Amino acid sequence: MDKSLLKEARKHGNPIYPVSLYEITCPADEPLLDLHWHDELELLLVTEGKAVFRVDLQDYELQAGEAIFVNSGELHSGYIVGEAPCSFYAVVFHSSLLGSGSIDYLFDRYISPILERRYEVPAHLRREPGPSMELLAMLDQLFAVHHSEQAASELTIKGLLFGIMAKLVTLGKPSVRVKPEQEGFRIERLKTVIEYIEQNYAEPIPLQKLAELARMSESYFCRFFKRMTTKSPIEYMNSYRVQQAASRLRQSDAKIMEVALDVGFNSLSYFNTVFRQRFGCTPREYRRRLQENA
């Protein structure tokens, strides 16, 4: 399987400086972070509200001022807790930023073990005295530098990322054992299914086909998928389809029915219902809001 087909399509930075920083604000009635993965490392700092982030199979509830660390290749997603909006900053960077491109003693000693899961670092970074609080302060400084657009900000950001990784090492410990083979195998099966959905969402996708890809019975597959993603396969497919529809509504003036058909819905009323469940408004209202805010 070509796993690259499953990865998030967005490019983070460029090969010379593989770092991107994002600021996200999400109303309580909209989705926060869809399930995805990428080769880069990621740190997300919640600045407002409360959210639950899932990293592989573990859920972490974060409040404002706390952060989550996502290792390379880990599936992750998030949803808002409560009725208040949620905002967060994210820095996404490739591990190559931390290496010299040749034999690198520090990279081999400290970074490679994290990437290879031979060294276990915490995912949930809380505001607790010590290295965790120091790491969060560095993360605050990193985003402040980004917003200030000060001279040589790239150098400062790179230096802060080195400091953040050093704090993660301080907070971590050697893994007693690598990720259980069975758990890793389940995640690979899930990635295979998601890859198929993302490639074929515009066409009818029978549950039987997804179950076959996962090499499971249909009933077991539905339980497996729900346990891994917190959504049923149908809920996940519909969610992905309306996310694609929202992108088309932002980028084109195509008719609503045309958009619905393009993303795999044969019924306009059902499309409207699913879209409203995810975005809190109909596709027509969504487009109108975009035009009003333009």
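For clarity, every value in this text was computed on a predicted model and none was experimentally measured.

Undergrad: Would you take a moment to explain the packing of helix α2 (residues 131-148) against helix α3 (residues 153-171) for this structure?
TA: Helices that pack against each other are described as a pair by the angle of their axes relative to one another and the distance between those axes. Relative orientation of the contacting elements α2 and α3 amounts to 165°, with a least axis distance of 9 Å. Considered as vectors, α2 and α3 are oriented roughly antiparallel to each other. The handedness of the crossing between α2 and α3 comes out as left-handed. Contact residues: α2 offers Pro131, Ser132, Glu134, Leu135, Met138, Leu139, Gln141, Leu142, Val145 and His146, while α3 offers Ser153, Thr156, Ile157, Leu160, Leu161, Gly163, Ile164, Lys167, Leu168, Thr170 and Leu171. The residue makeup of the contact of α2 with α3, split by class, is twelve nonpolar, seven polar and two charged.

Undergrad: Would you explain the pattern of salt bridges in this entry?
TA: Close approach of charged atoms allows side chains of opposite charge to pair. A full pass over the atoms with the stated rule returns nine salt bridges. Taking the shortest distance from any N to any O, the salt bridge between glutamate 61 and lysine 50 comes out at 3.9 Å. You can see glutamate 61 sitting in strand β5 (residues 58-63) and its partner lysine 50 sitting in strand β4 (residues 50-55), a full eleven residues away along the chain. Residue lysine 50 is classed as partly exposed on the basis of its relative accessible area, which comes to 29%. Here arginine 54 ties to aspartate 59 by a salt bridge, and the two come within 2.8 Å at their closest N and O atoms. For aspartate 59, a relative accessible area of 34% gives the class partly exposed.

Undergrad: How should the environment of glutamate 134 be read in this particular structure?
TA: Turning to its location among the elements, glutamate 134 is positioned in helix α2. Note: C-alpha distance between glutamate 134 and leucine 75 (59 residues apart in sequence) is 27 Å.

Undergrad: I tried to follow helix α9 (residues 268-279) on my own but got confused; where do I start?
TA: Because an α-helix packs 3.6 residues into every turn, residues spaced three or four apart end up facing the same way. Compared with an ideal rise of 1.5 Å per residue, which puts twelve residues at 16 Å, α9 spans 16 Å between its outermost C-alpha atoms and is within 8% of the ideal. Tucked inside the fold, the buried residues of α9 contact β2 (33-36), α7 (233-251), α8 (256-262) and α10 (283-293). Glycine 280 sits one or two positions beyond α9 and adopts a positive phi of about 75°.

Undergrad: Hey, could you run me through the sheet that holds strand β8 (residues 86-93) in this one?
TA: Strands in a sheet are paired, the pairing made by backbone hydrogen bonds, and the direction either parallel or antiparallel. Here we have five strands laid out as an open sheet, ordered β1-β8-β3-β6-β10, and antiparallel in their pairing. Either end of the sheet is taken by a strand with one partner, and the two such strands are β1 (19-26) and β10 (124-125). Pairing of β1 with β8 involves eight bridges; the strand directions are antiparallel. For tyrosine 22, the partnering residue across the bridge sits in β8 and is alanine 90. Running over the sheet, α2 touches β1, β3 (41-48), β6 (67-70), β8 and β10 and is turned about 85° from β8.

Undergrad: How should I be thinking about the sheet that holds β2 in this particular structure?
TA: Strands sit in the order β2-β7-β4-β5 across an open sheet of four strands; the sheet is antiparallel. Single-partner strands in this sheet number two, and they are β2 and β5. Geometrically, the sheet is characterised by an average inter-axis angle of 20° between neighbouring strands, direction not taken into account. Two elements, β4 and strand β7 (residues 76-80), share five bridges in a ladder whose sense is antiparallel. Within the sheet, the bridge partner assigned to valine 52 lies in β7 and is tyrosine 79.

Undergrad: Sorry if this is basic, but what is going on with the confidence of the model for the chain here?
TA: Low pLDDT means the predicted atomic positions in that stretch should not be read closely. The predicted model of the chain averages 89 in pLDDT, with 93% of residues at 70 or higher. Within the model, the stretch residues 1-7 combines pLDDT values under 50 with 18 contacts to residues more than four positions away or in other chains.

Undergrad: Help me understand the state of the cysteines in this model?
TA: Each disulfide is one covalent bond, formed between the sulfur atoms of two cysteines. Taken as a whole and assessed by the stated rule, the structure comprises zero disulfides. In this model cysteine 26 remains outside any disulfide bridge; the closest cysteine sulfur is found in cysteine 86, 7.4 Å from its own. On the accessibility criterion, cysteine 86 (0% relative accessible area) is buried.

Undergrad: Would you mind showing me how to read the nonpolar core here?
TA: Counting residues in hydrophobic clusters, the biggest one holds 31 residues, and the most contacted among them are Val91, Phe93, Leu142 and Leu161. At the level of secondary structure, the elements contributing two or more residues to this core comprise β1, β3, β6, β8, α1 (105-115), α2 and α3. It is α3 that contributes the most residues to this core, seven residues altogether. Apart from residues no more than four positions distant in its own chain, leucine 142 is found in contact with Leu21, Val91, Ile157, Leu160, Leu161 and Ile164.

Thresholds, definitions, all that
Residues numbered from 1 in each chain as written. Predicted model: local features only at pLDDT ≥ 70, side-chain atom pairs only at ≥ 80, totals over all residues. Heavy atoms only, no water. Axes fitted to C-alpha atoms, helices over the stretch in contact; angles between N-to-C directions. Helix = DSSP H or I, 4+ residues; strand = E, 2+ residues; numbered from the N terminus. Parallel < 35°, antiparallel > 145°, perpendicular 65-115°, else oblique. Left-handed = near helix turned anticlockwise from the far one by under 90°. Contact = heavy atoms within 4.5 Å. Nonpolar A, V, L, I, M, F, W, Y, C, P; charged D, E, K, R; others polar. Salt bridge = Lys/Arg side-chain N within 4 Å of Asp/Glu carboxyl O. Buried < 20%, exposed > 50% of the residue type's maximum accessible area, 1.4 Å probe, protein only. Expected span 1.5 Å × (residues − 1). Pairing = 2+ DSSP bridges. pLDDT = per-residue confidence, 0-100. Disulfide = S-S within 2.5 Å. Core = buried A, V, L, I, M, F, W, Y, C linked by side-chain atoms within 4.5 Å.

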